[in-house]
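# What the coordinates show
One letter stands for each residue in the lines below.
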Amino acid sequence: QVQVVESGGGLVQPGGSLRLSCAASRSIFTFDAMGWYRQAPGNQRELVAGISSDDDIKYGDSVKGRFTISRDSANNTVVLQMNSLKPEDTAVYYCNAYYMVDGTDFDYWGQGTQVTVSS
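Below, the structure is looked at part by part. The structure displayed is predicted, hence computed values, not measured ones.

Cut-offs and rules
Residues numbered from 1 in each chain as written. Predicted model: local features only at pLDDT ≥ 70, side-chain atom pairs only at ≥ 80, totals over all residues. Heavy atoms only, no water. Helix = DSSP H or I, 4+ residues; strand = E, 2+ residues; numbered from the N terminus. Rg over C-alpha atoms; globule rule 2.2 N^0.38 Å. Contact = heavy atoms within 4.5 Å. Areas by Shrake-Rupley, 256 points an atom, 1.4 Å probe, with all protein chains shown as cover. Lys, Arg positive; Asp, Glu negative; His and termini not counted. Charge placed at Lys NZ, Arg CZ, Asp CG, Glu CD. Buried < 20%, exposed > 50% of the residue type's maximum accessible area, 1.4 Å probe, protein only. Core = buried A, V, L, I, M, F, W, Y, C linked by side-chain atoms within 4.5 Å. Pairing = 2+ DSSP bridges. Axes fitted to C-alpha atoms, helices over the stretch in contact; angles between N-to-C directions. Disulfide = S-S within 2.5 Å. Salt bridge = Lys/Arg side-chain N within 4 Å of Asp/Glu carboxyl O.

## Let's talk about the overall build of the protein chain
- Looking only at helices and strands, the protein chain has zero helices and eleven strands in total.
- Put simply, the protein chain runs from its N terminus to its C terminus through helices and strands in the order β-β-β-β-β-β-β-β-β-β-β.
- Rg of the C-alpha trace for the protein chain: 14 Å, near the compact-globule value of 14 Å for 119 residues, within the 12% margin.
- Taking as baseline every contact in the protein chain between residues at least 6 positions apart, the subset at least 24 positions apart corresponds to 54%.
- Taken as a whole, the protein chain presents about 6400 Å² of accessible surface, with 45% of it coming from carbon and sulfur.
- The distance from the centre of the 9 positive side-chain charges to the centre of the 13 negative ones in the protein chain is 6 Å.

## Here we look at the environment of S53
- Mapping S53 onto the fold places it in the loop between β5 (46-52) and β6 (57-59).
- Relative accessible area serves as the criterion here: at 48%, S53 is assigned to the partly exposed category.
- Sequence separation of S53 and T30 is 23 residues, and the distance between their C-alpha atoms is 8.0 Å.

## Side note on the nonpolar core
- Counting residues in hydrophobic clusters, the biggest one holds 30 residues, and the most contacted among them are W36, L80, M82 and Y93.
- Listing elements by their share of this core, those giving two or more residues are β3 (18-24), β4 (33-39), β5, β7 (67-72), β8 (77-82), β9 (91-101) and β11 (113-117).
- At five residues, the largest contribution of residues to this core is made by β9.
- With residues up to four places along the chain from it excluded, the contact list for Y93 reads E6, L20, W36, Y37, R38, V48, F67, L80, M82, G112, T113 and V115.

## Some words on the sheet that holds strand β1 (residues 4-7)
- Strand order in the open sheet formed by four strands is β1-β3-β8-β7, with antiparallel pairing between adjacent strands. Two strands close off the open sheet at either side, each with one partner strand: β1 and β7. Sheet twist, expressed as the mean angle between neighbouring strand axes with direction ignored, is 20°.
- Sheet analysis places β1 next to β3, joined by four bridges and oriented antiparallel. Counterpart to V4 in the pairing with β3 is A24.

## Side note on the state of the cysteines
- Throughout the structure, instances matching the rule amount to one disulfide.
- In this model C22 forms its disulfide with C95; the gap between the sulfur atoms is 1.9 Å. As the torsion about the S-S bond is roughly -80°, the C22-C95 disulfide counts as left-handed. Placement of the pair is C22 in strand β3 and C95 in strand β9, with a sequence separation of 73 residues.
- For C22, a relative accessible area of 0% puts it in the buried group.
- Owing to a relative accessible area of 0%, C95 belongs among the buried residues under this scheme.

## Brief notes about the pattern of salt bridges
- Under the definition given, this model contains five salt bridges.
- The salt bridge involving D55 is made with R71; its shortest N-O contact spans 2.6 Å. Note that D55 is positioned in the loop between β5 and β6 and R71 in strand β7, a separation of 16 residues in sequence.
- When its relative accessible area of 24% is taken as the criterion, R71 is described as partly exposed.
- Salt-bridge contacts for D89 lead to R66; the nearest nitrogen and oxygen are separated by 2.8 Å. Note that D89 is positioned in the loop between β8 and β9 and R66 in the loop between β6 and β7, a separation of 23 residues in sequence. No difference in accessibility class separates D89 from R66, as the two residues are buried.
- A single network of salt bridges, built from pairs that share partners, joins R38, E46, R66 and D89.

On their own, these measurements won't tell you what the molecule is for.
Now the structure itself:
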């Protein structure tokens, strides 16, 4: 069973930065894609940023130019660097790891980490 674990959430003032990390129980390079999603109270879970095995990167429209997703090979983690944070970025952030084998999807989610942007 694959496990993914997020870390790095917390409370930050508007305009500040946070760095989230997602650690997996196996090499991050064995997944077809990994990504970050978030869910605020009353909202649906939405894509924040994703990176595929061939380095295709996607960002949600609301975070483009402020957030950066990358792989940290040395620590086997996927990192989300969040800059210029806004109160509307407040949410629980979830890491996702995905791969497909013989037409079957395998999706793994972490427990989530709270990010609160407030003065």
